[in-house]
Amino acid sequence: MIVDDRFIAAGRSRLPSRFGWSAVLALALACTGCEANQSDDGKDDKGSGGMFGFFRGSKPSRTTTEIAAEVGAVLAAASPFPAHAALPPTGEFGSCRKLAIDGVPPAAKLLDEPIRGQTAKAYRVDGVTGQPPLVLANIRGDNPRIDMWELGDGDRFAVQRPLLLEAAQPNWVGFLMRDLACLPQRRLLLSVSYTEPEPREALYVYDIAGETFTKLGRVAPDPRYLHHFFEVQPIAADSAITLYFSDVRRLGPERYVNQYNHLRLHSPRFPQGLALLKLGLDDGNIERWTIVDKTLWLDTVDARDPRQPKRFTWSLDLSKVL
């Protein structure tokens, strides 16, 4: 089912021990109102998804890296990774602040810190031009769900917005928010756990002005860190690139890899996002990435052979899309 846990933004925890994974997955199956992990390649085929993907021991098949045609460039082997990459700019996308919610709106309170066993995860969205403050909150119970409200004077829950992630949502056992971030062009990025009846995880973009959701695809965590599903890096005041992961595979005890890492550009030209790069494991999983003078730099590793991991440095010219 679905586990409501806290996203660790800094100093992320390493993966738990093998016993810890077993306990987490057993809890996910046994608990009502708990969040779940699953793996997939970002598509909706059900053959490779579900949390049981973590226990597939077969060697991942060969992967193919895909680059958006709009990029008009190829991934090039490069060296070294920039030693003094410029710090990313601060995006003017609004503020997405993690809070806790006590109770069910409109009779609920927003708290700065959670109370164990009492509160649930919530995010407050402020500073989006032309839009009132929003709150997206996990609502626990027999049928866990996400509520979305516009805030009025005194931070009261004023107007509830409809929240339909996709057409199949009414058939889900429950769904809860894992993480949320602000994107350019008055949009939000949400990672959501749901059960249908198998546990799934997917990524959605919400158009605040249009009040519509777009599904980017099924996703999985970065196996190096617990509950880390995406990163958003501003590259200009009106643009950002997101990194997310799919199709986790178990190689052995406490050894996991992603078959694919994904980079997506959000900008005025591509408000819904452009799938810049789908990086296959044969070219490594991303450990570091940055933008320098409209060139994307990647530091990656293929760790399937623990004795001789393969390390790569790649560059990709993005001047045609930035």
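Nothing here was measured: the structure is a model prediction, and the numbers come from that model.

1. As for the confidence of the model for the protein chain
Turning to step 1, where the next piece is worked out: Looking at the protein chain as a whole, its pLDDT mean stands at 82, while 80% of the residues score no less than 70.
Turning to step 2, where the next piece is worked out: Below pLDDT 50 for its whole length, residues 1-58 participates in 174 contacts with residues either more than four positions away or in separate chains.

2. Regarding the sheet that holds strand E15 (residues 255-266)
Strand-to-strand pairing in sheets goes through backbone hydrogen bonds, with the strands running parallel or antiparallel.
Turning to step 1, where the next piece is worked out: Read from one edge of the open sheet, five strands run E1-E16-E15-E14-E13, paired in antiparallel fashion. Edge positions in the sheet fall to strand E1 (66-67) and strand E13 (230-236), since each of these pairs with one other strand and no more.
Turning to step 2, where the next piece is worked out: Of the pairings in the sheet, the one linking strand E14 (residues 239-252) to E15 comprises 11 bridges and is antiparallel in character. Note that in E15 the partner of Phe245 across the bridge is Asn261.

3. Some remarks on the nonpolar core
Where a protein is soluble and globular, its nonpolar side chains tend to be buried together.
Turning to step 1, where the next piece is worked out: If you look at the biggest cluster of nonpolar residues, it comprises 25 residues, and the most contacted ones within it are Val125, Leu136, Leu188 and Leu190.
Turning to step 2, where the next piece is worked out: Taken together, the elements giving at least two residues each to this core come down to strand E5 (120-126), strand E6 (134-139), strand E7 (145-151), strand E9 (174-183), strand E10 (187-195) and strand E11 (199-207).
Turning to step 3, where the next piece is worked out: Grouped together as the second largest cluster of nonpolar side chains are 23 residues, Ile241, Leu274, Leu276 and Leu298 included.

4. Section: the packing of aromatic side chains
Turning to step 1, where the next piece is worked out: For the coordinates displayed, the defined rule picks out five aromatic pairs.
Turning to step 2, where the next piece is worked out: Taking 4.4 Å as the distance between ring centres and 35 degrees as the angle between the ring planes, the aromatic pair formed by Tyr206 and Phe213 counts as tilted.
Turning to step 3, where the next piece is worked out: Judged by relative accessible area, which is 0%, Tyr206 ranks as buried.
Turning to step 4, where the next piece is worked out: Residue classification places Phe213 among the buried positions, given a relative accessible area of 13%.

5. Quick notes on the pairing of E5
Turning to step 1, where the next piece is worked out: The buried fraction of E5 is high, at seven of seven residues.
Turning to step 2, where the next piece is worked out: Relative to E6, E5 runs antiparallel, the two sharing four bridges. Counted as the bridge partner of Val125 is Leu134 from E6.

6. Comments concerning the sheet that holds E11
Turning to step 1, where the next piece is worked out: Pairing is antiparallel across the open sheet formed by four strands, whose spatial order is E9-E10-E11-E12. The sheet terminates laterally at E9 and strand E12 (212-218), the two strands that pair on one side only. Direction aside, neighbouring strands of the sheet carry axes that sit 25 degrees apart on average.
Turning to step 2, where the next piece is worked out: As defined by bridge partners, E10 adjoins E11 across nine bridges and the pair is classed as antiparallel. Within E11, the residue paired with Ser193 across the bridge is Glu201.

7. What to know about the environment of Val125
Turning to step 1, where the next piece is worked out: Position of Val125 relative to the elements: it lies in strand E5.
Turning to step 2, where the next piece is worked out: On the basis of relative accessibility, which here comes to 2%, the residue Val125 falls in the buried class.
Turning to step 3, where the next piece is worked out: Every residue in contact with Val125, bar those within four places of it in the chain, is listed here: Ser95, Cys96, Pro132, Pro133, Leu134, Leu136, Leu180, Cys182, Leu188 and Ile208.

8. Some thoughts on the pattern of salt bridges
Turning to step 1, where the next piece is worked out: Following the criterion strictly, the structure yields 17 salt bridges and no others.
Turning to step 2, where the next piece is worked out: Between Arg304 and Asp282 there is a salt bridge, with the nearest N and O atoms lying 2.6 Å from each other. Pair noted here: Arg304 is in the loop between strand E18 (295-302) and strand E19 (310-317) and Asp282 is in the loop between strand E16 (274-280) and strand E17 (285-292), with a separation of 22 residues, a long-range link. As far as burial versus exposure is concerned, Arg304 and Asp282 are alike and both buried.
Turning to step 3, where the next piece is worked out: Close ionic contact of Arg288 with Asp299 constitutes a salt bridge, the shortest N to O distance being 2.6 Å. In this pair, Arg288 is assigned in strand E17 and Asp299 in strand E18, connecting sequence segments 11 residues apart.
Turning to step 4, where the next piece is worked out: Exposure remark for Arg288: the relative accessible area of 42% places this residue in the partly exposed category.
Turning to step 5, where the next piece is worked out: Linked through salt bridges whose partners overlap, the residues forming this network are Arg124, Asp126 and Asp155.

Conventions and cut-offs
Residues numbered from 1 in each chain as written. Predicted model: local features only at pLDDT ≥ 70, side-chain atom pairs only at ≥ 80, totals over all residues. Heavy atoms only, no water. pLDDT = per-residue confidence, 0-100. Contact = heavy atoms within 4.5 Å. Pairing = 2+ DSSP bridges. Helix = DSSP H or I, 4+ residues; strand = E, 2+ residues; numbered from the N terminus. Core = buried A, V, L, I, M, F, W, Y, C linked by side-chain atoms within 4.5 Å. Buried < 20%, exposed > 50% of the residue type's maximum accessible area, 1.4 Å probe, protein only. Phe/Tyr/Trp six-rings, centres within 6.5 Å; stacked < 30°, edge-to-face > 60°. Axes fitted to C-alpha atoms, helices over the stretch in contact; angles between N-to-C directions. Salt bridge = Lys/Arg side-chain N within 4 Å of Asp/Glu carboxyl O.

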